[in-house]
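# Structural characterization, general
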Amino acid sequence: MKRSHLLLVPLLGALAGCHSKTGAPPAPSASAPSASAKPPPAPSASASASPPDAAVAPKEDLHAKLAQFVPSVLTADVASLPPEEKAAMEKIIEAARLMDPIYDRQVWAGNVALREKLAKDSSEHGKDVLAYFDVMRGPWDRQNEWKPFATEEPHPKGAGFYPEDLKADAFKAFVAGHAAQKEALESLTTVVKRAGADLEAVPYSKEYAEWLKPAAALLDEAAKTTKNRSLQKFLKSRAAAFGTDKYRQSDKDWMDLDSRVEVTIGPYETYADELFGQKAAFEAFVTVSDPAESAKLDKYKKLLPAMELNLPIPADAHGARGGDSPIHVVDVVFTSGEARGSVQTIAFNLPNDEVVRKEKGAKKVLLRNLIVTKFDKILRPLAAKILDPAQMVFLSGEAFFDETLFHELSHSLGPAFVKGTKDKEVRVALESSYSALEEAKADAMGAYNILYLVQRGDFPKAMHDQLLVSYLAGLFRSVRFGASEAHGKGAALQINRFFEDGAVDVDPKSKKLAIDLPKLEASIGKIVHDIAVVQWEGDKRAAETMLKRYGSVGDAWKGLLADMGDIAVDVKPIYPLAGEH
Ligand code: ZN
């Protein structure tokens, strides 16, 4: 039952340009399905945005900050695709482009108007500001706790989902007094607006109709083009959902996709809503799947029940999620919306709807070309800076890929619903603390599960040390996404716990990490336990306390981060199959 080493070999050679992330968000875009070409589209005017005040000239060196995002070509081998599938893919890419103008407005109502203003400054510095704005998808630095660099306004916690001046308490008080509107106001797919002294919920289908309607038409056209039944079914039901805001059936159809060309498109993650974590941002991933490689990983999904039972959590806290858990290895050929921001996602686990997950499980999608690229361009040079050479030998691309996979698998493990309730989702109970805690859980639990499978003999013994070292180095990669981002904050939480538990330290002489592998392993188990308990109890206060104490860069290791200054934080994708150069 040993896991073979075949993955990395086909992985590393294969693709033209590869890059990678398990993390964060994207850049502004055009309002029409603009031709093709050019990287991230620019937010067009026509916005409903309130015109922002004069942009502030940033004092920092944005040129250096821009250099932290290495342009990287991402593509896939499409030579073997039948012509009709390639034609369908092209229509899907056009639909995906329309997620950009929506996402720009979801980030902030003023985004589009501000970008227009910035675009008029043709000085060198002005160009840098605009380019950084496009990477950050707005005027705040996601790499630096939302520090403004092209505006004087602070980053609104409710992004573009709520009135900017709306406070959490005021929202809650209004909801408490208007029970009939509660569901709509708290919906994943509505924007909250003021209506006189009241609040009202505007469905996404109405608010973003200008882009959702043509996107739906393009998906319908693609459905007529492809010969793959499962893709047809999903494209049609997702197109319908754009008009009705009812996404459940299309989420189920997405689970059943069995096609070379695949797409994930719609409102998914709630990271951008830092007020309540309840509004979903639009994004799209257009991918070409590798069925043979996916089949090789299928064996791990059968081990999920054993992994669940082995978790170091209270006996009653085990999640009751049924269904399947397909694993797809894909190469990404285009992304948009939240999927295309400062930090590029390398893997995801969807859908988020716990009702669909209970019935059909959740699909883990690994963006292979991104994973390989991020390992080569970022993790390896970063690890060389912070690891002792004696431990650097354990850094492994295969362990990085496996940790990415098991991170995603682990999102399906542990508590799903709050103790004593049948259907109160942990996500709802923990509100804005949910995302960072869940990401930290998935990291630590992913490592915990791989170590368990090493012990069982499902992975070779050598994976034990490789995993621990590659996982730890990987956290230092993620923490550079910034503590304003769920994965970055979650990584900080883990690193701070390791320092507190004495599992890692900075060697005063070499200034490199000193890792105590057995203590690290023990500390991972403790993190899994502690987060699962907070989730199971739905204890929002405890979640906030944990993130406040551990969720930012620690004094003990901030020097290490400073030393990494010249290593790229992430890649900036270039998608030739979408006409980008
Ligand atoms: Zn995750």
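Refer to the structure presented above.
Since this is a predicted model, take the numbers as computed values, not measurements.

So, how was this worked out
- Residues numbered from 1 in each chain as written.
- Predicted model: local features only at pLDDT ≥ 70, side-chain atom pairs only at ≥ 80, totals over all residues.
- Heavy atoms only, no water.
- Helix = DSSP H or I, 4+ residues; strand = E, 2+ residues; numbered from the N terminus.
- Polar contact = N/O pair within 3.5 Å; in protein donor to acceptor, adjacent residues only side chain to side chain.
- Buried < 20%, exposed > 50% of the residue type's maximum accessible area, 1.4 Å probe, protein only.
- Donors = N, O, S within 2.8 Å, 3.2 Å for Na, K, Ca; no water.
- Axes fitted to C-alpha atoms, helices over the stretch in contact; angles between N-to-C directions.
- Parallel < 35°, antiparallel > 145°, perpendicular 65-115°, else oblique.
- Left-handed = near helix turned anticlockwise from the far one by under 90°.
- Contact = heavy atoms within 4.5 Å.
- Nonpolar A, V, L, I, M, F, W, Y, C, P; charged D, E, K, R; others polar.

## Some details on the side chain of Thr264
Along the polypeptide, Thr264 turns up in strand 6 (residues 261–267). Within the local environment of Thr264, its side chain forms a polar contact with the side chain of Trp254, the two groups lying 3.1 Å apart.

## Observations concerning unusual backbone geometry
Most peptide bonds take the trans form, and the phi angle of most residues other than glycine is negative. Cis geometry marks the peptide bond from Leu350 to Pro351; its omega dihedral reads 0 degrees. Its identity as a non-glycine residue notwithstanding, Trp146 has a phi of 65 degrees, on the positive side. A relative accessible area of 16% means that Trp146 is categorised as buried. Here Glu431, not a glycine, exhibits a phi torsion of approximately 50 degrees, which is positive.

## Regarding the coordination of the zinc ion
His407 (NE2), His411 (NE2) and Glu439 (OE) make up the full set of protein donors to the zinc ion, lying at 2.1 Å. Site description for the zinc ion: donor spacing in sequence, H-x3-H-x27-E. Of this pair, His407 sits in helix 18 (residues 397–410) while Glu439 is found in helix 20 (residues 434–456), placing the two residues 32 residues apart along the sequence. Glu439 shares its class with His407; the two are buried.

## Structural notes on the packing of helix 18 against helix 20
Running from amino to carboxyl end, helix 18 crosses helix 20 at an angle of 115 degrees, the nearest separation of the two axes being 7 Å. Relative to helix 20, helix 18 is oriented roughly perpendicular. Here helix 18 and helix 20 pass one another in a crossing that is right-handed. Where helix 18 approaches helix 20, its residues Asp402, Glu403, Phe406, His407 and Ser410 are matched on the opposing element by Glu439, Lys441, Ala442, Asp443, Met445, Gly446, Ala447, Asn449, Ile450 and Leu453. Taken together, the residues that form the contact of helix 18 with helix 20 break down as 6 nonpolar, 4 polar and 5 charged.

## Description of the packing of helix 20 against helix 21 (residues 463–479)
When two helices pack together, their arrangement is given by the angle between their axes and by how far apart the axes lie. Between helix 20 and helix 21, whose axes approach to 10 Å, the crossing angle comes to 170 degrees. What the angle tells us is that helix 20 and helix 21 run roughly antiparallel. Across the interface between the two elements, Asp443, Ala444, Ala447, Ile450, Leu451 and Val454 of helix 20 pack against Met463, His464, Leu467, Leu468, Tyr471 and Leu475 of helix 21. The residue inventory of the contact of helix 20 with helix 21, partitioned by class, reads 10 nonpolar, 1 polar and 1 charged.

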